[in-house]
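Examining the three-dimensional arrangement
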Amino acid sequence: MQQHNFIKRPDKRLKCKICEWDWASKTNTLCPGVIRYSWGCQPSHLKDEVDLHKQNLKPKKGVKPSGCYYSMNRNEWTWFYDQKDCDLDNPELPPIVQWDNLGELKTVGQLKKINLAPSEETKPRGVAWVWDKDAEWGVWIPLYHEDDCKWNPKDGWITKFQLQKTYLLSRGWIKQLGEPDKCLENPRYPNAPSIKLYSRKRVEQFLANNAEEYAEWLDKRDKYIAIFEANKDKIFAKRNAAKEQTKMCLKCASGCSAPEGFLCAIHPMGLIDMPCPDFSERVN
Ligand SMILES: [Zn+2]
């Protein structure tokens, strides 16, 4: 700050030749040494440091401002620099993107919502500027493209039932997957077996590692189901026949209940044909 260099204007107001500000009468303020502009009236090539930062620019070392603004409310000077007196602030900074024009780029938070995360070595494809209230300065938010990201689901817990029902895993597959990651006591039935929980991340990683086999298994499984669907009637008919036969055996004169179970005197090794040709109703 320095002393103003006053001249008297034709309208009798005092004007400083340096800062070009004017007063009705003498002032005891100091001169900023560069042209002082009213709010928003500086020429467009003059920017304050925040606006320069938004363009990844900073004033060159030792460069003097080319203008200023004084805020009465904040009792604070803001200095303006000519863009041609500036250097790149961070030469490594990825391209600057505006928030209303992100295109296909996303923030880490947005990616997280769709279970993606940038890989460790991934460089952002762009950055967008935000004001950090705590730091009282701007920060660059990195932006990534989905193609540069890896699958990163939020971890959750999957029950054994869900492994079978949702992931269509057989017992063999579940065995391959290995021990559950967590066991929970059943709060309602203390004597019931504990609930086995598997980490969703681990299950999905496991399936990804065995993708080919898993796809084959799903294919095979569908075939099994198709075969079952086609032969359902026959399979159930056989089961029903077995049920009916059991009822008959219980009523049959050749059968008796023993401590080892139900025994038949004629067919001790079990029946081959149903219904049993040797049935004769027991008479008490
Ligand atoms: Zn002045």
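This write-up is about the structure you can find in this document. All of these numbers come straight from a predicted model, not from anything done at the bench. (Residues numbered from 1 in each chain as written. Predicted model: local features only at pLDDT ≥ 70, side-chain atom pairs only at ≥ 80, totals over all residues. Heavy atoms only, no water.)

Considerations on the overall build of the protein
Assigned secondary structure in the protein consists of 6 helices and 19 strands. Over its C-alpha trace the protein gives a radius of gyration of 42 Å, far above what one expects of a compact globule, namely 19 Å for 284 residues. Projecting the C-alpha coordinates of the protein onto the three principal axes gives extents of approximately 140 × 40 × 30 Å. Taking the intrachain contacts of the protein between residues at least 6 apart in sequence as the baseline, contacts between residues at least 24 apart amount to 58%. (Helix = DSSP H or I, 4+ residues; strand = E, 2+ residues; numbered from the N terminus. Rg over C-alpha atoms; globule rule 2.2 N^0.38 Å. Contact = heavy atoms within 4.5 Å.)

Side note on the pairing of strand β19 (residues 261-264)
Pairing of strand β18 (residues 255-258) with β19, which is carried by 4 bridges, proceeds in the antiparallel orientation. Paired with Ala258 across the bridge in β19 is Gly261. In this antiparallel pair of consecutive strands, β18 and β19, the connection spans 2 residues. (Pairing = 2+ DSSP bridges.)

A few points about the coordination of the zinc ion
For the zinc ion, every protein donor is listed as His4 (ND1), Cys16 (SG), Cys19 (SG) and Cys31 (SG), and the spread of their distances is 2.2 to 2.4 Å. Coordination at the zinc ion comes from 4 donor atoms whose angles at the metal span 100 to 117°, giving a geometry best classed as tetrahedral. Of note, the donors binding the zinc ion are all from one chain and are spaced H-x11-C-x2-C-x11-C. Assessed through its relative accessible area of 0%, Cys16 is described here as buried. For Cys19, a relative accessible area of 1% corresponds to the buried category. (Donors = N, O, S within 2.8 Å, 3.2 Å for Na, K, Ca; no water. Tetrahedral: all angles 85-135°; square planar, octahedral: opposite > 155°, others 65-115°. Buried < 20%, exposed > 50% of the residue type's maximum accessible area, 1.4 Å probe, protein only.)

As for helix α6 (residues 211-251)
A maximum bend of about 65° is found in α6 at Asn231. Here α6 has its buried residues at Tyr214, Trp217, Arg221, Gln245 and Cys249. Contact partners of the buried residues in α6: α4 (171-177), α5 (200-209), β18 and β19. (Bend = angle between axes of the 7 residues up to and from the residue.)

Thoughts on the sheet that holds strand β16 (residues 182-184)
The pairing of strands in a sheet comes from backbone hydrogen bonds and takes either a parallel or an antiparallel form. A sheet is described by the order of its strands in space; here 3 strands give the open sequence β15-β17-β16, paired in antiparallel fashion. A single partner strand is all that each edge strand has here, and the edge strands are β15 (157-159) and β16. Neighbour-to-neighbour, the strand axes of this sheet turn through a mean angle of 40°, independent of strand direction. Both β16 and strand β17 (residues 195-199) contribute to a ladder of 3 bridges, which runs antiparallel. (Axes fitted to C-alpha atoms, helices over the stretch in contact; angles between N-to-C directions.)

Thoughts on the packing of aromatic side chains
In this structure the tally under the stated criterion is 9 aromatic pairs. Consider the rings of Tyr70 and Trp77, whose centres lie 4.8 Å apart with planes at 50°: the pair is tilted. The exposure class assigned to Tyr70 is buried, which follows from its relative accessible area of 18%. On the numbers, 5.8 Å between centres and 15° between planes, the contact of Trp77 with Trp79 is stacked. Relative accessible area serves as the criterion here: at 26%, Trp79 is assigned to the partly exposed category. An aromatic cluster of three or more residues is present, and its members are Tyr70, Trp77 and Trp79. (Phe/Tyr/Trp six-rings, centres within 6.5 Å; stacked < 30°, edge-to-face > 60°.)

Topic: the nonpolar core
Formed by 13 residues in total, the largest nonpolar core has its most connected members in Leu163, Tyr167, Leu169, Val203, Leu207 and Tyr214. Within the residue set of this core, elements represented by two or more residues are α4, α5 and α6. Setting aside anything within four residues of it in sequence, one finds Tyr214 in contact with Tyr167, Leu169, Trp173 and Leu207. Val97, Leu102, Leu105 and Leu143 belong to the second largest nonpolar core, which has 5 residues in total. (Core = buried A, V, L, I, M, F, W, Y, C linked by side-chain atoms within 4.5 Å.)

Overview of the pattern of salt bridges
Applying the stated rule across the entire model yields 15 salt bridges. Notably, a salt bridge pairs Asp148 with Arg125, separated by 2.8 Å at the nearest N-O pair. Of this pair, Asp148 sits in the loop between β13 (137-145) and β14 (149-151) while Arg125 sits in the loop between β11 (116-118) and β12 (126-132), and the two are 23 residues apart along the sequence. Here Asp148 falls in the partly exposed class, since its relative accessible area comes to 22%. For Arg125, a relative accessible area of 38% puts it in the partly exposed group. Taking the shortest distance from any N to any O, the salt bridge between Glu244 and Lys247 comes out at 3.4 Å. Here the residue Glu244 and the residue Lys247 both occupy positions in helix α6, the gap between them amounting to 3 residues, near one helical turn. Overall, the relative accessible area of 46% leaves Glu244 in the partly exposed class. When salt bridges that share partners are traced, they join Arg9, Asp11, Arg13 and Asp22 into one network. (Salt bridge = Lys/Arg side-chain N within 4 Å of Asp/Glu carboxyl O.)

Things to note about the sheet that holds β12
Ordered in space as β10-β13-β12, the 3 strands form an open sheet in which the pairing is antiparallel. Of all the strands in the sheet, the pair left with one neighbour each is β10 (105-106) and β12.

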